[in-house]
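Here is what each chain is made of, one letter per residue.
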Amino acid sequence: MSINSLRTLACLLGLLAALPSHTQQGDCGFIQNPDRQAYCRAISGGGSSHCGFIREGDLQARCRAETGGGSGQCGFIRDHDMQAACRASADRANTSSSSGSSGQCGFIQNPDKQAYCRATSGGGSGQCGFIRDSDLQAMCRAETGGGSGQCAFIRDHDMQAACRAKTR
């Protein structure tokens, strides 16, 4: 092998080694809704600076809460179900333990979203079986140990891309 071939090979190996760290945010690029795309980038390692690109107020507050702002940011959310889900996920994102965060899930009135919240807050994949919405159920299974392969069962393209970003 020539020196140029070795250099090219070394560069390619370096790029491949860096790929896993950028894969999560790369999946966010497939989300068409700009607010959801910015949210995905923020929670997939991009940080709270991406939250500023979100125009929808409730989602922006949730984004700030989950990227280090803490559950106090959830108080700015007007939708009650989203506020409770925000508190549960912010508690989970900002502490090393998921225990205790599922108590907030009980304040969610939508039964599918409540079961999703419980499952992703430490209740495990068994809670996913209570979800009637098939896309949300697949997302739930992916996040609670089923892996990104479960994302293929999601029909909504934006939700599928978000699922892949969360589970890689």
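See above for the structure.
Just so we're clear, the structure is a prediction, and the values are computed from it rather than from any experiment.

Thresholds applied
- Residues numbered from 1 in each chain as written.
- Predicted model: local features only at pLDDT ≥ 70, side-chain atom pairs only at ≥ 80, totals over all residues.
- Heavy atoms only, no water.
- Helix = DSSP H or I, 4+ residues; strand = E, 2+ residues; numbered from the N terminus.
- Areas by Shrake-Rupley, 256 points an atom, 1.4 Å probe, with all protein chains shown as cover.
- Disulfide = S-S within 2.5 Å.
- Expected span 1.5 Å × (residues − 1).
- Buried < 20%, exposed > 50% of the residue type's maximum accessible area, 1.4 Å probe, protein only.
- Polar contact = N/O pair within 3.5 Å; in protein donor to acceptor, adjacent residues only side chain to side chain.
- 1 Å grid on protein atoms, 1.4 Å probe; cavity = no way out; pocket = protein on both sides within 12 Å on 5 of 7 lines; lining within 4 Å.
- Points joined across faces, edges and corners; volume = space filled by probe spheres on them.
- Nonpolar A, V, L, I, M, F, W, Y, C, P; charged D, E, K, R; others polar.

Draft legend 1. Layout of the overall build of the protein. Looking only at helices and strands, the protein features seven helices and zero strands. Counting from the amino terminus, the protein carries its helices and strands in the arrangement α-α-α-α-α-α-α. Counting only carbon and sulfur atoms, one obtains 52% of the accessible surface of the protein, whose full area is about 9300 Å².

Draft legend 2. A look at the state of the cysteines. Enumeration according to the criterion identifies six disulfides in this entry. There is a disulfide in this structure between Cys74 and Cys86, and the S-S distance comes to 2.1 Å. Because the torsion about its S-S bond is -75°, the bridge between Cys74 and Cys86 counts as left-handed. One end of the pair, Cys74, is in the loop between α3 (57-69) and α4 (80-93); the other, Cys86, is in helix α4, with 12 residues separating them in the sequence.

Draft legend 3. Up close: helix α5 (residues 111-123). In a regular helix each residue adds 1.5 Å, so 13 residues correspond to 18 Å; α5 covers only 15 Å between its end C-alpha atoms and thus falls short of that length. Every buried residue of α5 is accounted for by Asp112, Ala115, Tyr116, Cys117, Ala119, Thr120 and Ser121. At the N-terminal end of α5, a side-chain oxygen is found 2.9 Å from the backbone nitrogen of Asp112, two or three residues along, and the residue is Asn110. Two residues or fewer past α5, Gly124 is found with a positive phi of approximately 85°.

Draft legend 4. Highlighting helix α2 (residues 34-46). Over its 13 residues, α2 runs only 15 Å from end to end, short of the ideal 18 Å by more than 12%, given 1.5 Å per residue. Considered for burial, the residues of α2 that qualify are Asp35, Ala38, Tyr39, Cys40, Ala42 and Ser44. Where α2 begins, the capping side chain belongs to Asn33, and its oxygen is found 2.9 Å from the backbone nitrogen of Asp35. Backbone geometry just after α2 places Gly47 at a positive phi near 90°.

Draft legend 5. Spotlight on the layout of surface pockets. Counted as a void, the largest pocket has a volume near 1100 Å³. Lining the largest pocket are 34 residues, and of these Tyr39, Arg62, Tyr116, Met139 and Lys166 lie nearest its centre. Within the residue set of the lining of the largest pocket, elements represented by two or more residues are α2, α3, α4, α5, α6 (134-146) and α7 (157-167). Of the residues belonging to the lining of the largest pocket, the class tally is 16 nonpolar, six polar and 12 charged.

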